[in-house]
Amino acid sequence: MVDEVGDEELERFSITTTTGRVVSIDGDVGALVRAVLTRVAQGGELSVLTLPETLTTSTAADVLGVSRTTVMKLITKGDLATTMVGTHHRVSYKDVIALKKARRDAQNTAIEQLLLLDGDV
């Protein structure tokens, strides 16, 4: 399907039910379907998983792409809030995703600043 569309941007999807009713898929779900179709068409791998609302520090580390030790440092610095379950830290999935976005934004800003400096030389 992606090959058939070519350079055109995929805008809207629809599915047809067994009764013949057509349901439009747009918004966030449409964006997800576009991303999945594009990735598969490029021959890439795709993994879909669900995560609970609270994560272990090891799972948070996997989501952030860092070590568990780094997650513990983020907790100690106050960059990541936790709740205790017995003697174990648990972190909110939403907090982990927000931190991941903030770290990515900071990296992008730093790269942009470096590129600007490189242009000044």
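These lines cover the structure that appears in this document, whether it is placed above or below.

**Digging into the overall build of the chain**
Thought 1: The helix and strand tally for the chain stands at five helices and five strands.
Thought 2: Across the chain, helices and strands are ordered from the amino to the carboxyl terminus as α-β-β-α-β-α-α-β-β-α.
Thought 3: For 121 residues, the compact-globule estimate of 2.2 N^0.38 gives 14 Å, and the C-alpha radius of gyration of the chain, at 20 Å, exceeds that figure by more than 25%.
Thought 4: Counting only C-alpha atoms, the chain reaches 55 × 55 × 25 Å along its principal axes.
Thought 5: Counting all 121 residues of the chain, 14% fall into the buried class.
Thought 6: Of the charged side chains in the chain, 13 are positive and 17 negative, and the gap between their average positions amounts to 11 Å.

**Observations regarding the environment of S47**
Thought 1: Structurally, S47 is set in the loop between α2 (27–41) and β3 (54–56).
Thought 2: You can call S47 exposed: its relative accessible area is 61%.
Thought 3: On a C-alpha basis, the gap between S47 and V36 in space is 9.6 Å, while along the polypeptide they are 11 residues apart.

**Observations concerning the nonpolar core**
Thought 1: Among the nonpolar cores identified, the biggest contains 12 residues, and these are L55, A60, A61, V63, L64, V71, L74, I75, L80, V91, V96 and L99.
Thought 2: Residue assignment for this core shows that the elements contributing at least two residues are α3 (57–64), α4 (68–77) and α5 (93–120).
Thought 3: The dominant element in this core, judged by the number of residues it contributes, is α3, at four residues.
Thought 4: Residues within four places of V63 in sequence aside, it is in contact with L51, L55, V96, I97 and K100.

Criteria and thresholds
- Residues numbered from 1 in each chain as written.
- Predicted model: local features only at pLDDT ≥ 70, side-chain atom pairs only at ≥ 80, totals over all residues.
- Heavy atoms only, no water.
- Helix = DSSP H or I, 4+ residues; strand = E, 2+ residues; numbered from the N terminus.
- Rg over C-alpha atoms; globule rule 2.2 N^0.38 Å.
- Buried < 20%, exposed > 50% of the residue type's maximum accessible area, 1.4 Å probe, protein only.
- Lys, Arg positive; Asp, Glu negative; His and termini not counted.
- Charge placed at Lys NZ, Arg CZ, Asp CG, Glu CD.
- Core = buried A, V, L, I, M, F, W, Y, C linked by side-chain atoms within 4.5 Å.
- Contact = heavy atoms within 4.5 Å.

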